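Residues per chain are reported as follows:
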Amino acid sequence: MEPVRLLEPPDYTAQEREALIDFVLALRKSHIRDFVKRVDLPVSGTKPDLRSRLQEALREGQVTYAGLRTSSTRWHLGENSTSSSTRGRGMT
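Everything numeric here is computed off the predicted structure, so don't read it as measured data.

Chemist: When you look at the pattern of salt bridges in this model, what are you seeing that I'm missing?
Modeler: Working definition: two side chains of opposite charge can pair if their charged atoms are close together. Per the stated rule, a full pass over the model turns up two salt bridges. Here Glu-18 makes a salt bridge to Arg-51, at a shortest N to O gap of 2.9 Å. Within this pair, whereas Glu-18 is found in helix H1 (residues 14-25), its partner Arg-51 is found in helix H3 (residues 47-60), the two being separated by 33 residues in sequence. Linking Arg-51 and Asp-22 is a salt bridge whose minimum nitrogen-to-oxygen distance equals 2.6 Å.

Chemist: In this structure, what is going on with the packing of H1 against H3? I would like to understand it.
Modeler: When two helices pack together, their arrangement is captured by the angle between the axes and the distance separating the axes. Two elements in contact, H1 and H3, have axes whose closest approach is 11 Å; the angle formed by their N-to-C orientations is 140 degrees. Our classification of the angle between H1 and H3 gives oblique. By crossing handedness, the relation of H1 to H3 is classed as right-handed. Along the contact surface, H1 presents Glu-18, Ile-21, Asp-22, Val-24 and Leu-25, while H3 presents Lys-47, Arg-51, Leu-54, Gln-55 and Leu-58. A class-by-class count of the residues in the contact of H1 with H3 yields five nonpolar, one polar and four charged.

Chemist: I keep staring at the packing of helix H2 (residues 29-38) against H3 and nothing clicks. Help me out?
Modeler: For the pair H2 and H3, interaxial distance at closest approach is 11 Å and the crossing angle is 30 degrees. The angle between H2 and H3 places the two elements in the roughly parallel class. Seen from above, H2 lies across H3 with left-handed handedness. Packed against H2, whose contacting residues are Lys-29, Ile-32, Arg-33, Phe-35 and Val-36, the element H3 presents Lys-47, Leu-50 and Leu-54 at the interface.

Scoring rules and cut-offs
Residues numbered from 1 in each chain as written. Predicted model: local features only at pLDDT ≥ 70, side-chain atom pairs only at ≥ 80, totals over all residues. Heavy atoms only, no water. Salt bridge = Lys/Arg side-chain N within 4 Å of Asp/Glu carboxyl O. Helix = DSSP H or I, 4+ residues; strand = E, 2+ residues; numbered from the N terminus. Axes fitted to C-alpha atoms, helices over the stretch in contact; angles between N-to-C directions. Parallel < 35°, antiparallel > 145°, perpendicular 65-115°, else oblique. Left-handed = near helix turned anticlockwise from the far one by under 90°. Contact = heavy atoms within 4.5 Å. Nonpolar A, V, L, I, M, F, W, Y, C, P; charged D, E, K, R; others polar.

Following this line, the structure appears as structure tokens:
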């Protein structure tokens, strides 16, 4: 099996970026809120509100797609520790 390789934007296609955001927003709302809180974004609102905030943070460089992927994978796998090694702005 070939190892997974992480690409930085602009190497992610628009379709891949949208799929990544969809993947994150498919998580339980409590996990999404935990993530946006860790990257210093407001946590209140609906999933569409959180999507808008997340997209804006990605556009402004406050969060990276690689960091978003890493953080969302941790939640998906149940590795939701907030130790100092996993805190931060969703950046790797």
